[in-house]
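Spelled out from the first residue to the last, the chains are:
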Amino acid sequence: MRFVDEFRDAELGRAVATELAAEVDPGRHYKVMEVCGGHTHAIYKYGVDDLLPPNVELVHGPGCPVCVIPMGRVDDGIAIAHEPGVIFTCFGDMMRVPGSNGTLLEAKAKGADVRMVYSPLDALRIAKANPDREVVFFAIGFETTAPSTALTLRRAKAEGVGNFFVICNHVTIVPPLRALLESPDLRLDGFIGPGHVATVVGARPFAFIPAQYDKPVVVSGFEPLDILQSVLMIVRQLADGRREVENQYKRVVPYDGNVRALEVMAEVFALRPHFEWRGLGFISQSALRLSDAYADLDAERRHAVPGVRVADPKACQCGEVLKGVIKPWECKVFGTACTPERPIGTCMVSPEGACAAYYNYGRFARERVLT
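What this report covers is the structure whose coordinates are included nearby. What you see as residue numbers is a count from 1 along each chain, following the sequence as written. Two thresholds apply to this predicted model, a pLDDT of at least 70 for residue-level local features and 80 or more for giving and counting side-chain atom pairs, whereas whole-chain, interface and lining totals are computed over all residues. Calculated side-chain values reflect all of the structure's heavy atoms, with hydrogen atoms and water omitted.

## Quick word on the pairing of strand β8 (residues 217–220)
Inference 1: Buried means the residue's accessible area, taken with a 1.4 Å probe over protein chains only, is under 20% of the maximum for its type, while exposed means over 50%, and partly exposed covers the values in between. A run of H or I in DSSP counts as a helix once it spans at least four residues, and a run of E counts as a strand once it spans at least two, with each numbered from the N terminus. Across the two faces of β8 the burial is the same, with Val217 and Val219 and Val218 and Ser220 all buried.
Inference 2: With four bridges joining them, strand β7 (residues 190–194) and β8 adopt parallel strand pairing. The residue bridging phenylalanine 191 from the neighbouring strand is valine 217, located in β8.
Inference 3: In terms of handedness, the path from β8 via helix α10 (residues 224–240) over to strand β9 (residues 245–247) forms a crossover that is left-handed. Here a strand pair is declared whenever DSSP counts at least two bridges between the two strands. Crossover handedness is defined here as right-handed if the route from the first strand over the helix to the second strand goes clockwise, with the strands pointing away from the viewer.

Structure follows, in structure tokens:
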């Protein structure tokens, strides 16, 4: 298959790994954060970490959109789902994210009309098919998925669909990265930049990392050879004394981003003054709300949601995992009380969660043996 198999070639992977081993400084430990959860799953699915030199360590960042949703926001969604006459729609993994009093899936079992959708357009179709019901879409995701929500809202307004509403939980990538870089308990040598987000925003927004924090960034694709090459590019930057943003994913990512997508986002959304992130606390201007022009489609303005900040379960260490402070298997409940079937934290729920990656690909056993 063109443009897939080429990036999974085992022989080429070994060749890049050999080149990487020759480039690293044997007396130095390299700590590189892959920001996106999609990278984390590719790393462990294809065994990319097995090809890295022993002194190159990959740590996992806050780039899983489901993982960063705090429990209080889940509670807000559940409260709306229980309102009479509401059809509550969301992505499948969001249905299993625990709030303080259960999940949306459990709310469905108790009688709430909660439906899984694959896109916001599915939710809009449900609204058109049920004009006597209120349909609410629980929008999540980074800038990757925000344009699809924005275009759906624009269509709903243009078509005069009066029973379609959105509770907006879209977040932005730059503020949490800045918060991580200013954290005193995390030392990083570079970043593998989030390729999916960059398809929308481009590589330019990450220029603040080398400019202000003296760290290299390489925006990467999601195949094993993409990731290996990105690590090699970071190591070469460090060896050369360079600190810059490089775009490994040029076949998909334009440096300045998708201008049309950015324009529709600017029309439909506005920045929130602050937003709570699971494990990271409140971060200023890190999330989106519906703009005043779309206020009549805003479910938060229509419903009195609890809006209460809820502390994570004491046993759950999702926050430390999202910040790259610990590896998933170091969490006290990983693989025992917390599994994909019965998750305590969000990192075990989402297909992009680091804990789910470790669990599904058996990495917890390998890592424990190594330590």
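## A short note on the pattern of salt bridges
Inference 1: Whenever Lys or Arg places a side-chain nitrogen within 4 Å of a carboxyl oxygen from Asp or Glu, that contact is recorded as a salt bridge. Overall, the coordinates contain 26 salt bridges when judged by the stated rule.
Inference 2: Notably, a salt bridge pairs glutamate 23 with arginine 236, separated by 3.2 Å at the nearest N-O pair. Residue glutamate 23 is located in helix α1 (residues 10–23), and its partner arginine 236 is located in helix α10; the two are separated by 213 residues in the primary sequence.
Inference 3: The class of glutamate 23 is partly exposed, set by a relative accessible area of 31%.
Inference 4: Between aspartate 214 and arginine 243 there is a salt bridge, and its shortest N-O distance comes to 3.8 Å. In this pair, aspartate 214 sits in the loop between α9 (208–213) and β8 while arginine 243 sits in the loop between α10 and β9, placing the two residues 29 residues apart along the sequence.
Inference 5: Accessibility expressed as a relative area gives 46% for aspartate 214, which makes it partly exposed.
Inference 6: Exposure remark for arginine 243: the relative accessible area of 28% places this residue in the partly exposed category.

## A look at helix α3 (residues 71–81)
Quick reminder: α-helices carry 3.6 residues per turn. Residues three or four places apart thus point the same way.
Inference 1: Of all eleven residues in α3, ten are buried, a share of seventy percent or more.
Inference 2: Along α3, the residues that are buried comprise Met71, Gly72, Arg73, Val74, Asp75, Asp76, Gly77, Ile78, Ile80 and Ala81.

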